[in-house]
Amino acid sequence: MPMIAGRYRTERLLKGSEDGATATWQGRCLSTGAPVAIKVVPTGGTEAALLQRAAGHEGIVRLVEAIEVPVGDGSVAAGRTVIVTEWCAGGDLAAVIRKRGALPEPTVISILAQLSAALRHLHSLDILHRDVKTRNVFLVDPLDGNIGNPRVRLGDFGVSRTGGWGDTLLGTPLYLPPEVLEGGRYDRRSEVWALGCLAYEALTGRAPFTGPGLRDLLRAIRAAKVSWPTAGLVTQG
């Protein structure tokens, strides 16, 4: 398996490609044997700095270290930045929902409480995550072992920024509020909307609004036709 900086071994490619601009791996620390997540990104980004700034909150994925790998390193990360974070064995929330479908209300309430606290922490530091979605929420442990109160972490700060607002259309459209889809500013309120979309998805197993394009998505939001399951929500595991 490819080695990185002589300190980590990559074991499984999770996203991207070895020769692409970015790639995310499941890996292992050679000195401790601990599993880690390894993200390789172009140099010059702010993701590692923002993770370090947000460190210490239990709802934010923990940064182990960031490494600037020399061009002549000879590894898959040569000339790029390596962001090493804790490994969350439960996977991402989107995969859990795909596998299990709608989650019990107490489980979703617990997840929302943790994510709300994480966003409050980020906003107190003047950080906007800008891509709150189920795929960027990670479960520390497999859900089967603790269905009622799973520990979750908010991760992937690749499009995050400092400042109270942003005027570039970034993030995932399914989680963006209508004013942003129409070209307006993204701010803290936009992350509250995204959290609401995440909650609906976790409770029902599907996104609240969908569409093949941005205009169709915006039309669906403006129509405000949100349907709930006729059989009701899952109240227990």
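Residues numbered from 1 in each chain as written. Predicted model: local features only at pLDDT ≥ 70, side-chain atom pairs only at ≥ 80, totals over all residues. Heavy atoms only, no water.

With respect to the environment of aspartate 216
Okay, so step 1: One can find aspartate 216 in helix α6 (residues 214-223).
Okay, so step 2: Residue aspartate 216 is classed as partly exposed on the basis of its relative accessible area, which comes to 30%.
Okay, so step 3: Ignoring any residue separated from it by four or fewer positions in sequence, one finds aspartate 216 in contact with Thr210 and Gly211. (Helix = DSSP H or I, 4+ residues; strand = E, 2+ residues; numbered from the N terminus. Buried < 20%, exposed > 50% of the residue type's maximum accessible area, 1.4 Å probe, protein only. Contact = heavy atoms within 4.5 Å.)

Some details on the packing of aromatic side chains
Okay, so step 1: Tallied over the full model, the rule gives 1 aromatic pair.
Okay, so step 2: An angle of 15° between the planes, with centres 6.1 Å apart, marks the rings of tryptophan 193 and phenylalanine 209 as stacked. With a gap of 16 residues between them, tryptophan 193 in helix α5 (residues 188-204) and phenylalanine 209 in the loop between α5 and α6 connect regions that are remote in the sequence.
Okay, so step 3: For tryptophan 193, a relative accessible area of 28% corresponds to the partly exposed category.
Okay, so step 4: For phenylalanine 209, a relative accessible area of 10% translates into the label buried.
Okay, so step 5: Positioned above the aromatic ring of tyrosine 186, the side-chain terminus of arginine 130 is 5.2 Å from the ring centre. (Phe/Tyr/Trp six-rings, centres within 6.5 Å; stacked < 30°, edge-to-face > 60°. Lys NZ or Arg CZ within 6 Å of the ring centre and 35° of its normal.)

Describing the layout of surface pockets
Okay, so step 1: Taken as a whole, the largest pocket holds about 650 Å³ of empty space.
Okay, so step 2: As for the largest pocket, its lining consists of 30 residues, of which Leu14, Thr24, Asp92, Arg135 and Phe138 are closest to the centre.
Okay, so step 3: As a volume, the second largest pocket reaches approximately 190 Å³.
Okay, so step 4: The set of elements that each furnish at least two residues to the lining of the second largest pocket consists of α1 (47-53), β5 (63-68) and β6 (81-86).
Okay, so step 5: Top contributing element to the lining of the second largest pocket by residue count: α1, with 3 residues.
Okay, so step 6: Residue composition of the lining of the second largest pocket, by class: 7 nonpolar, 7 polar and 2 charged. (1 Å grid on protein atoms, 1.4 Å probe; cavity = no way out; pocket = protein on both sides within 12 Å on 5 of 7 lines; lining within 4 Å. Points joined across faces, edges and corners; volume = space filled by probe spheres on them. Nonpolar A, V, L, I, M, F, W, Y, C, P; charged D, E, K, R; others polar.)

Focus on the nonpolar core
Okay, so step 1: Core analysis: the biggest nonpolar cluster contains 34 residues, and Ile60, Leu93, Leu103, Leu115 and Leu122 have the highest contact counts within it.
Okay, so step 2: Of all elements in the fold, only α1, α2 (93-100), α3 (105-124), β8 (137-139), β9 (152-154) and α5 reach the threshold of two or more residues within this core.
Okay, so step 3: Trp25, Val40, Val69 and Val82 belong to the second largest nonpolar core, which has 13 residues in total. (Core = buried A, V, L, I, M, F, W, Y, C linked by side-chain atoms within 4.5 Å.)

Remarks on the packing of α3 against α5
Okay, so step 1: The contact between α3 and α5 brings their axes to 10 Å, and the two run at 165°. Here α5 runs roughly antiparallel to α3, going by the angle between their axes. The crossing of α3 and α5 is right-handed. Residue-level contacts link Glu105, Val108, Leu112, Leu115, Ser116, Leu119 and His123 of α3 to Arg188, Glu191, Leu195, Leu198, Ala199, Ala202 and Leu203 of α5.
Okay, so step 2: In terms of residue class, the contact of α3 with α5 is built from 9 nonpolar, 2 polar and 3 charged. (Axes fitted to C-alpha atoms, helices over the stretch in contact; angles between N-to-C directions. Parallel < 35°, antiparallel > 145°, perpendicular 65-115°, else oblique. Left-handed = near helix turned anticlockwise from the far one by under 90°.)

Description of α6
Residues spaced three or four apart along an α-helix face the same direction, because each turn holds 3.6 residues.
Okay, so step 1: Residues Leu217, Leu218 and Ile221 constitute the buried set of α6. Each buried residue of α6 sits inside an arc of 100° when the element is viewed along its axis, so together they form one side. Exposed residues lying more than 90 degrees from the buried face of α6 are Arg215, Arg219 and Arg222.
Okay, so step 2: As for α6, its buried residues are in contact with α4 (178-181) and α5.
Okay, so step 3: Just downstream of α6 lies alanine 224, where phi reads positive at about 55°. (Arc of directions from axis to C-beta.)

Regarding the environment of threonine 107
Okay, so step 1: Relative to the assigned elements, threonine 107 resides in helix α3.
Okay, so step 2: Threonine 107 gets classed as buried once you look at its relative accessible area, which sits at 1%.
Okay, so step 3: In sequence terms threonine 107 and leucine 203 are 96 residues apart; their C-alpha atoms lie 9.3 Å from each other.
Okay, so step 4: Contacts of threonine 107, omitting those with residues within four sequence positions, involve Leu143, Ile147, Gly148 and Pro150.

Taken by themselves, the reported measurements are silent on function.
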